[in-house]
Structure formats: C-alpha cells, structure tokens
Amino acid sequence: MEPCAFCAVVADPDRARVVHEDADTVAFFPLTPATWGHTLVVPRAHSADLWEMTGAEVGRLMDAVLRVGVILRSVLAPEGMNVINSAGRAATQTVFHTHVHLLPRHSGDAMGDFWPPRRAPRDEAALDGLAERLRAAGLSSGR
C-alpha cells in the first residue's frame with residue numbers, strides 16, 4: 001500500500017504551506033493549485049472519503065472548511081468560490097484521504113466552466129420516481 005501524501009502533511013506540516021491547523025484538521029495549499037488561493041482542508045484522521053467518516057467528524061471538517069473559506073474570501077475577495085469534495089475515481093479523486101478543495105474563482109480563470117452544457121428536456125417521470133425511491137429509503141421531503 002502506498003503511503004498517504006496527506007497523512008504525511010498531517011504528520012509533518014513543514015512538508016506543505018499550511019495556512020490553518022486545529023485539533024481535527026489541517027489546511028494547506030496543494031502542490032499544483034488550480035486557482036490563486038486554492039486550499040485543501042483535510043481531517044487529521046485518515047479516511048478514504050467522506051463516506052468513511054462519522055457525522056461528527058464530517059461536521060468538524062466542514063467547520064474548518066467554513067473558517068478557512070471565510071478568511072480566503074476576506075483576504076482575496078474572489079468573485080466566487082467552489083467548495084469541492086470528490087469521492088472515488090469516477091469523481092476524479094486522486095488522493096484517497098478525505099479532502100475538501102476551496103477554490104477562489106474569478107471570471108476567466110484557469111478552472112473554466114466545468115458543468116456540462118444543458119441538454120434535451122429532462123425525463124420528469126423518471127425524476128419523480130427517483131425522488132420517491134429516495135424518500136422510501138429514508139430521506140424526507142421536508143413537507
């Protein structure tokens with residue numbers, strides 16, 4: 001098994017340009033940032049992705065994401081900010097230690113528009129069926 005690059009940063013913060021640390025998380029700039037100020041927030045405890053974490057662990061991670069994101073917005077004044085978590089190879093995850101990307105955005109930056117173009121009309125009946133399956137599996141409609 002390959003050593004985890006993010007566990008190495010957690011163990012030795014001098015390996016990265018760390019901008020925030022607390023008891024549960026470390027935030028640092030990636031080696032190849034996608035935008036100016038691109039920051040990764042990782043839990044100190046190794047997990048491959050969010051789905052391996054407890055709700056409390058995810059909550060602590062998201063608290064750090066919010067703290068770091070607020071400061072990034074304050075210092076850099078971006079036009080927008082992407083908050084991205086990828087889980088699994090098909091979702092473009094390449095380091096299998098849970099992490100959240102904070103990407104300050106400006107019009108015309110290197111990230112570009114990553115949402116696919118709008119296509120043909122949606123299958124409303126199929127969407128209604130999926131919504132019903134999700135509610136039947138334990139989600140609530142909030143009504």
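A short tour of the structure in this document, coming up. (Residues numbered from 1 in each chain as written. Predicted model: local features only at pLDDT ≥ 70, side-chain atom pairs only at ≥ 80, totals over all residues. Heavy atoms only, no water.)

## Brief notes about the side chain of His-99
- Among the structural elements, His-99 can be located in the loop between β4 (80–84) and β5 (100–105).
- Of the polar contacts made by the side chain of His-99, one reaches the side chain of His-101; its length is 3.4 Å.
- Beyond its immediate chain neighbours, meaning those up to four positions away, His-99 contacts Phe-6, Leu-40, Val-41, Val-42, Ile-84, Asn-85 and Gln-93. (Helix = DSSP H or I, 4+ residues; strand = E, 2+ residues; numbered from the N terminus. Polar contact = N/O pair within 3.5 Å; in protein donor to acceptor, adjacent residues only side chain to side chain. Contact = heavy atoms within 4.5 Å.)

## Here's the deal with helix α3 (residues 124–136)
- Here α3 spans 18 Å end to end across 13 residues, near enough to the 18 Å set by a 1.5 Å rise per residue.
- One side-chain oxygen at the N-terminal end of α3 lies 3.3 Å from the backbone nitrogen of Ala-125; it belongs to Asp-123.
- Of the residues flanking the end of α3, it is Gly-138, one or two places downstream, whose phi is positive at about 130 degrees. (Expected span 1.5 Å × (residues − 1).)

## Structural notes on helix α2 (residues 55–76)
- Across its 22 residues, α2 extends 31 Å between first and last C-alpha, which sits within 8% of the 32 Å expected from 1.5 Å per residue.
- Residues of α2 that are buried: Leu-61, Ala-64, Val-65, Val-68, Gly-69 and Leu-72. The buried side chains of α2 occupy one side of the element, clustering within an arc of 135 degrees when seen end-on. Across from the buried face of α2, at angles greater than 90 degrees, the exposed residues are Gly-55, Leu-66, Ile-71, Arg-73 and Ser-74.
- Each element contacted by the buried residues of α2 is listed here: β1 (17–21), β2 (25–29), β3 (39–43), β4 and β5. (Buried < 20%, exposed > 50% of the residue type's maximum accessible area, 1.4 Å probe, protein only. Arc of directions from axis to C-beta.)

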